[in-house]
Amino acid sequence: RKLPATLIGTDPKTDLAVIKIEANGLSTLPWGNSAALEVGELVLAVGNPFGLNQTVTMGIISAVGRANVGIVDYENFIHTDAAINPGNSGGALVNLQGQLIGINTAIFSRTGGYMGIGFAIPSQMVKSVMQGLIGQGKVIRGWLGVSIQELSQDLATQFDAPDTEGALVGDVFTESPAGQ
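Described in the following lines is the structure provided in the data block. The shown structure was predicted, so the numbers you read here are calculated from the model rather than taken from an experiment.

Some remarks on the sheet that holds strand S3 (residues 42-47)
Next, step 1: Spatially, six strands are ordered S3-S4-S5-S8-S7-S6 in a closed barrel, and the strand pairing comes out antiparallel. Averaged over all adjacent pairs, the angle separating strand axes in this sheet is 45°, with direction ignored.
Next, step 2: The sheet contacts of helix H1 (residues 123-136) involve strand S7 (100-107) and strand S8 (118-122), and relative to S8 the element is tilted by about 50°.

A few points about the layout of surface pockets
To find leftover empty space, a probe the size of one water molecule is rolled over the atoms.
Next, step 1: Here the largest pocket is characterised by a volume of approximately 1,700 Å³.
Next, step 2: In this structure, the largest pocket is lined by 35 residues; those nearest its centre are Ile-19, Ile-21, Ser-27, Gly-90 and Ile-103.
Next, step 3: Taken together, the elements giving at least two residues each to the lining of the largest pocket come down to strand S1 (5-11), strand S2 (16-21), S3, S7 and H1.
Next, step 4: Counting residues per element, the lining of the largest pocket draws most heavily on S2, which supplies six residues.
Next, step 5: Broken down by class, the residue content of the lining of the largest pocket amounts to 20 nonpolar, eleven polar and four charged.

Some points on the packing of aromatic side chains
Next, step 1: Tallied over the full model, the rule gives one aromatic pair.
Next, step 2: Consider the rings of Phe-77 and Phe-119, whose centres lie 5.6 Å apart with planes at 45°: the pair is tilted. With a gap of 42 residues between them, Phe-77 in strand S5 (residues 77-80) and Phe-119 in strand S8 connect regions that are remote in the sequence. Each member of the pair, Phe-77 as well as Phe-119, carries the same accessibility label: buried.

A few points about the environment of Val-172
Next, step 1: Along the chain, the position of Val-172 falls in strand S10 (residues 167-172).
Next, step 2: Counting along the chain gives 27 residues from Val-172 to Gly-145, while the straight-line C-alpha distance between them is 6.1 Å.
Next, step 3: Beyond its immediate stretch of four places on either side in the chain, Val-172 contacts Gly-145, Val-146, Ala-178 and Gly-179.

So, how was this worked out
Residues numbered from 1 in each chain as written. Predicted model: local features only at pLDDT ≥ 70, side-chain atom pairs only at ≥ 80, totals over all residues. Heavy atoms only, no water. Pairing = 2+ DSSP bridges. Helix = DSSP H or I, 4+ residues; strand = E, 2+ residues; numbered from the N terminus. Axes fitted to C-alpha atoms, helices over the stretch in contact; angles between N-to-C directions. Contact = heavy atoms within 4.5 Å. 1 Å grid on protein atoms, 1.4 Å probe; cavity = no way out; pocket = protein on both sides within 12 Å on 5 of 7 lines; lining within 4 Å. Points joined across faces, edges and corners; volume = space filled by probe spheres on them. Nonpolar A, V, L, I, M, F, W, Y, C, P; charged D, E, K, R; others polar. Phe/Tyr/Trp six-rings, centres within 6.5 Å; stacked < 30°, edge-to-face > 60°. Buried < 20%, exposed > 50% of the residue type's maximum accessible area, 1.4 Å probe, protein only.

On their own, these measurements won't tell you what the molecule is for.
As structure tokens, then:
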């Protein structure tokens, strides 16, 4: 069925939006803890790919904390091999307990279709963005004003660091809190 919805807010930095639907008898998924996910865990991807209603595919968690994919500004994706195709974006990624652990958002593909690499926004990030959009009408984020990079072995040697733990501050932006 189709129901009217009101847009509460959007967050382009995470590719999330919150809508409000006025209706009775709607059920919700319980929140799962995406921070507790482990590689190899079974998951289900729910969606509407290619206009095929109510599809469910199964896969595993291939990685967590996947970043530098180049999709949005804030990347901390759940990487799964559950089939996610065009039309699955915005669908639920659930664990086998039926809890929402992510929102399907993107795929890696050279053909435009499923190639075994899908990404979902973790439920912890979804919840935080949702609360900001509902409470303040926008997502408020802290900003330090630095550019960081991985502390590789070569850089650790160059800077005489004891190991490669942590991160390297590569730049400080002049007009930022860190620059001041």
